[in-house]
Amino acid sequence: MGVPTSCPQGDLLAVMNDYVDGSVFIDTPWEPAPDTDLAAAIDAGGIACSYGIHDAEVGATVLWSTADAFASRRAQWQADGQVRVEVAGADEAWALQATNGSDTHLWALNLLVGDAWIHIGATFLPDLDAARPLIDAAVAEV
């Protein structure tokens, strides 16, 4: 297991298209703000990849990085209101979910899978069950 060295586009992009038809890989010049998940992931040698429809601002960003980077962010996730959740195949998982009336939205998911941290940030996931195909595709890349 290891962190991908480039942004996967095969199976992961196919799964993204199941969620958001017309999704493409969005080549993004990252300039992470200090003390963010993005900065922690990239500073630890990880990568960040965005997929979706750029003009519509709908899609997902997936980060792959190290277990040490995951550990460095845990306290911040808790402070930000993320909660520990059970995700099959993950050693540990944290999620940021919001509920507005009867609508629930899964905004971010952080997974520790072996020696890899996988972060999925999305604009279209209602819950963990709906996220499963995307989780599986992201995990398959490590």
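Residues numbered from 1 in each chain as written. Predicted model: local features only at pLDDT ≥ 70, side-chain atom pairs only at ≥ 80, totals over all residues. Heavy atoms only, no water.

Peer 1: Sorry, what's going on with the environment of Phe25 here?
Peer 2: Counting through the fold element by element, Phe25 comes out in strand β1 (residues 24–26). The exposure class assigned to Phe25 is partly exposed, which follows from its relative accessible area of 24%. In this structure the C-alpha to C-alpha distance between Phe25 and Pro8, which are 17 residues apart in sequence, comes to 8.7 Å. Look past the residues within four positions of Phe25 in its chain and what remains in contact with it is Cys7, Gln9, Leu13, Cys49, Ser50 and Tyr51. (Helix = DSSP H or I, 4+ residues; strand = E, 2+ residues; numbered from the N terminus. Buried < 20%, exposed > 50% of the residue type's maximum accessible area, 1.4 Å probe, protein only. Contact = heavy atoms within 4.5 Å.)

Peer 1: When you look at the nonpolar core in this model, what are you seeing that I'm missing?
Peer 2: Soluble, globular proteins show a tendency: their nonpolar side chains are buried together. Of all hydrophobic cores here, the largest spans 32 residues; its most connected members are Tyr51, Trp64, Leu111, Ile118, Phe124 and Leu134. Of all elements in the fold, only α1 (11–19), β2 (47–53), β3 (58–66), β5 (92–100), β6 (103–113), β7 (116–122) and α4 (128–139) reach the threshold of two or more residues within this core. By residue number, the principal contributor to this core is α4, which donates five residues. By size, the runner-up hydrophobic cluster in this structure holds 11 residues, among which are Ala41, Ala69, Trp77 and Trp117. (Core = buried A, V, L, I, M, F, W, Y, C linked by side-chain atoms within 4.5 Å.)

Peer 1: Would you mind showing me how to read the packing of aromatic side chains here?
Peer 2: The geometry of two aromatic rings is summed up by the distance between their centres and the angle between their planes. As enumerated under the stated definition, the model contains four aromatic pairs in all. A centroid spacing of 5.0 Å and a plane angle of 40° characterise the contact between Tyr19 and Phe124, whose relative ring orientation is tilted. Taken together, the residues span a long stretch of sequence, with Tyr19 in helix α1 and Phe124 in the loop between β7 and α4 at a distance of 105 residues. Classification of Tyr19 by relative accessible area gives partly exposed; the value is 25%. What makes Phe124 buried here is its relative accessible area of 19%. Geometrically, the ring pair formed by Phe25 and Tyr51 is tilted, given 5.9 Å between the ring centres and 55° between the ring planes. Here Tyr51 lies in strand β2 and Phe25 lies in strand β1, a separation of 26 residues in the sequence. (Phe/Tyr/Trp six-rings, centres within 6.5 Å; stacked < 30°, edge-to-face > 60°.)

Peer 1: How do you make sense of the side chain of Asn110 when you look at a structure like this?
Peer 2: As for its placement among the helices and strands, Asn110 is situated in strand β6. Accessibility expressed as a relative area gives 0% for Asn110, which makes it buried. Within the structure, Asn110 has its side chain in polar contact with the side chain of Trp117 (distance 2.9 Å). Other than its neighbours up to four places away in sequence, Asn110 contacts Asp37, Phe70, Trp77, Gln82, Glu92, Ala93, Trp94, Trp117, Ile118 and His119. (Polar contact = N/O pair within 3.5 Å; in protein donor to acceptor, adjacent residues only side chain to side chain.)

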